[in-house]
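# Coordinate analysis (summary)
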Amino acid sequence: MATLSVLRVLSGSRAGLNSCSASWLLSSAPALGQMQVKVNRCSHGRRCYNSEVKGEDELRVRYLEGDEQGIVVLGINRPQSKNAISKNLVKSMMKTIDSLKTNNKVRTVVLRSEVPGVFCAGADLKERAKMHPSEVGPFVAKARALMNEFYNLPMPTIAALDGAALGGGLEMALACDIIVAASSAKMGLVETKLAIIPGAGGTQRLPRAIGVALAKELIFSARILDGNEAKSFGLVSHVVEQNNDGDAAYKRAIALAHDFILQGPIALRMAKLAINQGIEVDLATGLAIEEACYAQVIPTKDRIEGLQAFKEKRPPRYKGE
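Residues numbered from 1 in each chain as written. Predicted model: local features only at pLDDT ≥ 70, side-chain atom pairs only at ≥ 80, totals over all residues. Heavy atoms only, no water.

Once that is clear, we can look at the pattern of salt bridges. Inspection of every chain in the model, using the stated rule, returns 16 salt bridges. Between Arg223 and Glu217 there is a salt bridge, with the nearest N and O atoms lying 3.4 Å from each other. Residue classification places Glu217 among the partly exposed residues on the basis of a relative accessible area of 38%. In this structure, Glu229 and Arg223 form a salt bridge, with 3.6 Å as the shortest nitrogen-oxygen distance. Look at Arg223 and you get partly exposed, because its relative accessible area is 31%. Three or more residues joined by partner-sharing salt bridges are found here, namely Glu58, Arg78 and Asp124. (Salt bridge = Lys/Arg side-chain N within 4 Å of Asp/Glu carboxyl O. Buried < 20%, exposed > 50% of the residue type's maximum accessible area, 1.4 Å probe, protein only.)

Attention shifts here to the packing of helix H7 (residues 202-210) against helix H8 (residues 212-221). Their axes nearest at 7 Å, the elements H7 and H8 cross at an angle of 135°. As judged from the angle between their axes, H7 and H8 are oblique. Our pair here, H7 against H8, has a crossing hand that is right-handed. From H7, Gly202, Thr203, Leu206, Pro207 and Ile210 reach across to H8, where they touch Val212, Leu214, Ala215, Leu218 and Ile219. Of the residues in the contact of H7 with H8, the class split is 8 nonpolar, 2 polar and no charged. (Axes fitted to C-alpha atoms, helices over the stretch in contact; angles between N-to-C directions. Helix = DSSP H or I, 4+ residues; strand = E, 2+ residues; numbered from the N terminus. Parallel < 35°, antiparallel > 145°, perpendicular 65-115°, else oblique. Left-handed = near helix turned anticlockwise from the far one by under 90°. Contact = heavy atoms within 4.5 Å. Nonpolar A, V, L, I, M, F, W, Y, C, P; charged D, E, K, R; others polar.)

What follows deals with the pairing of strand S4 (residues 71-76). Most of S4 is tucked away: 6 of the 6 residues are buried. Burial along S4 is two-sided: Ile71, Val73 and Gly75 facing one way and Val72, Leu74 and Ile76 facing the other are all buried. The pairing of strand S3 (residues 59-64) with S4 spans 5 bridges and is classified as antiparallel. The residue of S4 that forms the bridge with Arg62 is Val73. (Pairing = 2+ DSSP bridges.)

This paragraph deals with the side chain of Asp162. Within the secondary structure, Asp162 sits in the loop between strand S7 (157-161) and strand S8 (164-166). In this structure, Asp162 is buried with no salt-bridge partner, the nearest side chain bearing the opposite charge being Arg112 at 5.1 Å. In this structure the side chain of Asp162 is engaged in a polar contact, spanning 3.1 Å, whose partner is the backbone nitrogen of Tyr250. Ignoring anything within four residues of it in the chain, the contact list for Asp162 reads Gly117, Ala182, Ala185, Gln242, Gly246, Asp247, Ala248, Ala249 and Tyr250. (Lys, Arg positive; Asp, Glu negative; His and termini not counted. Polar contact = N/O pair within 3.5 Å; in protein donor to acceptor, adjacent residues only side chain to side chain.)

Turning our attention to the nonpolar core. One finds Leu74, Leu111, Phe150, Leu161, Met187, Leu206 and Leu235 to be the most contacted residues of the largest nonpolar core, which totals 50 residues. When sequence neighbours within four positions are dropped, the list of residues in contact with Leu206 reads Leu174, Leu189, Gly211, Ala215, Leu218, Ile219 and Leu235. Membership of the second largest hydrophobic core comes to 19 residues, among which are Val110, Ala253, Phe260 and Leu268. (Core = buried A, V, L, I, M, F, W, Y, C linked by side-chain atoms within 4.5 Å.)

Here we come to the sheet that holds strand S10 (residues 186-188). Taken in spatial order, the 4 strands of this open sheet run S6-S8-S10-S11, and their pairing is mixed. The two strands at the open ends of the sheet, each matched to only one other strand, are strand S6 (118-120) and strand S11 (225-226). Relative to S11, S10 is paired through 2 bridges, and the arrangement is antiparallel. Each bridged residue has a counterpart across the sheet, and for Met187 the counterpart in S11 is Leu225.

With respect to the helices and strands, the residue Ser113 is situated in strand S5 (residues 108-113). Residue Ser113 is classed as buried on the basis of its relative accessible area of 10%. A distance of 2.7 Å separates the side chain of Ser113 from the side chain of Asn83, its partner in a polar contact. A distance of 2.9 Å separates a polar side-chain atom of Ser113 from the backbone nitrogen of Val115. Setting aside its immediate chain neighbours within four residues, Ser113 contacts Ile76, Asn83, Val118 and Phe119.

Right, dumping it as structure tokens:
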């Protein structure tokens, strides 16, 4: 019965995917009305388009160009509070994610910090202390919704941890597909130290990432791991030694993103959808989801281009069509 339901929802037609809350999959890129675009130099030294949402400098959005076209870098920039998650940051990130999820020119998103030595210190506790108890629940709900929106972005996402990712900061990283960390980075879900629990997805995504027993141990003890420990736990995919510029994880994330943007963009989106949806259900239903997602790539121009490029022994030129 579950399999039949999936086949009805993921029917192999674009309309079917739209009814599965995936209307972003093959939609065209929207106009970025309120975005200001200027050419800038990114921290990796190459020229890139730097698009920043007006009046929201706490989140810097950069669209890379050249060999890295298709990569978008989101840089958290709240140095005065170690990138702590505030109401305004949540609002800025939600607005940016909303523009990215329907932009089929975006092929990979990299989330990083613009502040040396820290990724995100978690919730802004100074702001939280000023909240009335009745305000706390709705704010946490918005933060949880943000992580869900990030998790549901159709393109691959990579978190680059060059510094501490604690509490909500680690929950944000866990909402990404892949985490890259410097060996010196510190990370942990430390909420129980404050007599609360992870409330933005941590109790659900950490067990899925490293297993139930280890997740319980880390949450119960509020233990903080370094990059190497996190790699041994299976929490991060790659660990790198920090460099003098303090951006080793970011550079590794960009290199990884470059590998992604060479592949068929619709195929990447369908693969991510199949994995994300399939991991939550039984195998038979998961296979039905895979079948429906596969049906979406069959009629694409990119699939024909891939076959032609293989025949002609040349790199494919995918357009996301």
